[in-house]
Amino acid sequence: MTKTDVLIIGAGPAGLTAAVYTVRAGLQAVVFDRLFYGGQVATTSEVENYPAIEKISGPEFSMNLYQQAISQGAEVLFEEVEQVFLEGENKRVVTAQGVYEGKALIIANGAQRRKLKCEGEERLTGHGVSYCATCDGAFFKQKEVAVVGGGNTALEDALFLSHLCSRVYLIHRRDEFRGEHMLAQSVMEQSNIELLFHSEVTAIEGEKNVTHIQVKNRQTQEKRQLPVSAVFVAIGMEPDNRLFADMLPLDENGYLKVGEDCTTPIPGVYVAGDSRTKFLRQIITAAADGAVAAVQAGNYINWKSRKKVDFNRQIEKNL
């Protein structure tokens, strides 16, 4: 069994920021992630709304944060967490590679892309259905593609693809975008982006690869077939908190019911980033949560240490 001070689940902006703050406080931190560092940021083409950084690519931002964490002494392990034990004085994380014990634990596992749940989506995932335009967009140069969604990610994806693809259909269920005004304005000014409001994808078609999608107008019920080679799904995020469902309270959408102080009902357990209930899910709010959770964890560990010292002194006094 490997022992450390703070166990951190998730190597996105929340988890890596927590690691930076933990090691700068003189404590050890071990970070776990199933796939890669950076979380959703690693699949974002450009970041333009982080303070003091005018523009940076998502992968570069992720690399910088990862390098900062490990250079200061944090350990990042690419191992999938299979079990957690939150009760008791020490917390435990179990992976296929081993068991890890810490004095405190921070949950920063983020959220994942929501699925359309329409015919053909699952079957053609990886064959034209994608959830990452920056990852897969280059495979569809000079082809017609579709983006589904109306938030910042969908707008960013449409703009990114408009520089690669001959035509981009942007399909949104509502009559206005939920993303930032400047992004929406840029999308509407792009000549090869066609907007389909009040619309939804009802089926994705193709034998081996995507060849067409079926789109229905929710107001008129009119159906339309679009000849596209790819569908990029960007309809928001959903958490995967099943690992903690029997231990911590979840809201109706599956997010961990934790406030701005990042504390949970279990002493020594904290939640940071997109997996908790919050008003705004952005890189900056994830990083802020990571800092708060790390300071809370550090204070908890120091409190436990002082309590133990005081208890030992009381024993010596009674001898």
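Our subject is the structure that appears above.
Small disclaimer: the values here were computed from a predicted structure and weren't measured.

(A) The environment of Glu 60, seen in detail. Considering the arrangement of structural elements, one finds Glu 60 in helix α2 (residues 58-71). When its relative accessible area of 44% is taken as the criterion, Glu 60 is described as partly exposed. C-alpha separation for the pair Glu 60 and Asp 136, spaced 76 residues apart in sequence, amounts to 17 Å.

(B) Examining the sheet that holds strand β14 (residues 223-226) more closely. Pairing within the open sheet is antiparallel, and its three strands lie in the order β12-β13-β14. The sheet terminates laterally at β12 (199-205) and β14, the two strands that pair on one side only. For this sheet the average axis-to-axis angle between neighbouring strands, irrespective of direction, equals 25 degrees. Relative to β14, strand β13 (residues 212-217) runs antiparallel, the two being bridged by four bridges. Paired with Ile 213 across the two strands is Leu 226, which belongs to β14.

(C) Quick peek at a nonpolar patch on the surface. On the surface, Leu 35, Phe 36 and Phe 78 cluster together into a nonpolar patch covering about 280 Å² of accessible area. Along the chain, Leu 35 turns up in the loop between β2 (29-32) and α2. A residue is classified by how much of its surface remains accessible, and Leu 35, at 52% relative accessible area, is exposed.

(D) Representation of the environment of Ile 301 within the structure. Note that Ile 301 resides in helix α6 (residues 283-318). The sequence separation of Ile 301 and Leu 248 amounts to 53 residues, and the corresponding C-alpha distance is 21 Å.

(E) Local environment of the sheet that holds strand β11 (residues 193-196). Pairing in this open sheet of five strands is parallel, and the strands run β8-β15-β9-β10-β11 from one edge to the other. Strands at the two margins of the open sheet, each flanked by one partner only, are β8 (129-130) and β11. Sheet topology note: the strand β9 (residues 144-148)/strand β10 (residues 167-171) ladder contains five bridges and is parallel. Note that in β10 the partner of Val 148 across the bridge is Ile 171.

(F) Spotlight on the packing of helix α1 (residues 13-24) against α2. Between α1 and α2, whose axes approach to 9 Å, the crossing angle comes to 30 degrees. Considered as vectors, α1 and α2 are oriented roughly parallel to each other. As α1 packs across α2, the resulting crossing turns out to be left-handed. When α1 is examined against α2, the residues Pro 13, Leu 16, Thr 17, Ala 19 and Val 20 are found in contact with a partner set consisting of Leu 65, Tyr 66, Gln 68 and Ala 69. Here the contact of α1 with α2 is built from residues that sort into seven nonpolar, two polar and no charged.

(G) The arrangement of the packing of aromatic side chains in detail. Tallying each qualifying case throughout the model produces eight aromatic pairs. When the ring of Tyr 37 is compared with that of Tyr 66, the centres are 4.1 Å apart and the planes differ by 5 degrees; the resulting orientation is stacked. On the criterion of sequence distance, the pair formed by Tyr 37 in the loop between β2 and α2 and Tyr 66 in helix α2 is long-range, its members being 29 residues apart. The class of Tyr 66 is buried, set by a relative accessible area of 16%. The interplanar angle of 40 degrees and the centroid separation of 6.4 Å between the aromatic rings of Tyr 66 and Phe 78 together place this pair among those described as tilted. Taken together, the positions of Tyr 66 in helix α2 and Phe 78 in the loop between β3 (75-77) and β4 (81-85) put the pair 12 residues apart, joining distant regions of the chain. In this structure an aromatic cluster arises from ring pairing among Tyr 37, Tyr 66 and Phe 78. Here Arg 281 stacks its cationic end above the ring of Tyr 255, 3.8 Å away from the centre of that ring.

Reading guide: rules and limits
- Residue numbers restart at each chain and count upward from 1, following the sequence in its written direction.
- Reporting of local features is limited, given that this is a predicted model, to residues whose pLDDT is at least 70; pairs of side-chain atoms are given and counted only at 80 or more, and all residues count toward the totals for whole chains, interfaces and linings.
- Only hydrogens and water are set aside when side-chain values are computed; all heavy atoms of the structure are taken into account.
- Helix and strand definitions follow DSSP, with helices as H or I runs of at least four residues and strands as E runs of at least two, each counted in order from the N terminus.
- Only protein chains enter the accessibility calculation, which uses a 1.4 Å probe. A residue is then buried if its area is under 20% of the maximum for its type, exposed if over 50%, and partly exposed in between.
- Strand pairing is assigned whenever DSSP detects at least two bridges linking the two strands.
- Helix axes are fitted only over the stretch in contact, all axes being lines through C-alpha atoms; the angle between N-to-C directions runs from 0 to 180 degrees.
- Every patch collects residues that have over 30% relative accessible area and no salt bridge, joining them within 9 Å if they carry like charges and within 5 Å if they are nonpolar side chains (Val, Leu, Ile, Met, Phe, Trp, Tyr).
- Accessible areas in this description were obtained via Shrake-Rupley with a 1.4 Å probe; residue shielding takes into account the shown protein chains only.
- When a carboxyl oxygen of Asp or Glu lies within 4 Å of a side-chain nitrogen of Lys or Arg, that pair is called a salt bridge.
- An angle below 35 degrees is read as roughly parallel, one above 145 as roughly antiparallel, one from 65 to 115 as roughly perpendicular, and any other as oblique.
- The handedness criterion is simple: a crossing whose near helix is rotated anticlockwise from the far helix by less than a right angle is left-handed, and one whose near helix is rotated clockwise is right-handed.
- The contact rule is simple, with two residues in contact once any of their heavy atoms fall within 4.5 Å.
- Classes in brief: Ala, Val, Leu, Ile, Met, Phe, Trp, Tyr, Cys and Pro nonpolar; Asp, Glu, Lys and Arg charged; the others, Gly included, polar.
- Side-chain rings of Phe, Tyr and Trp (the six-membered ring for Trp) are treated as a pair once their centres are within 6.5 Å; stacked means planes under 30 degrees apart, edge-to-face means over 60, and tilted covers the remaining angles.
- Whether a charge sits over a ring depends on NZ of Lys or CZ of Arg being within 6 Å of the ring centre and within 35 degrees of the ring normal.

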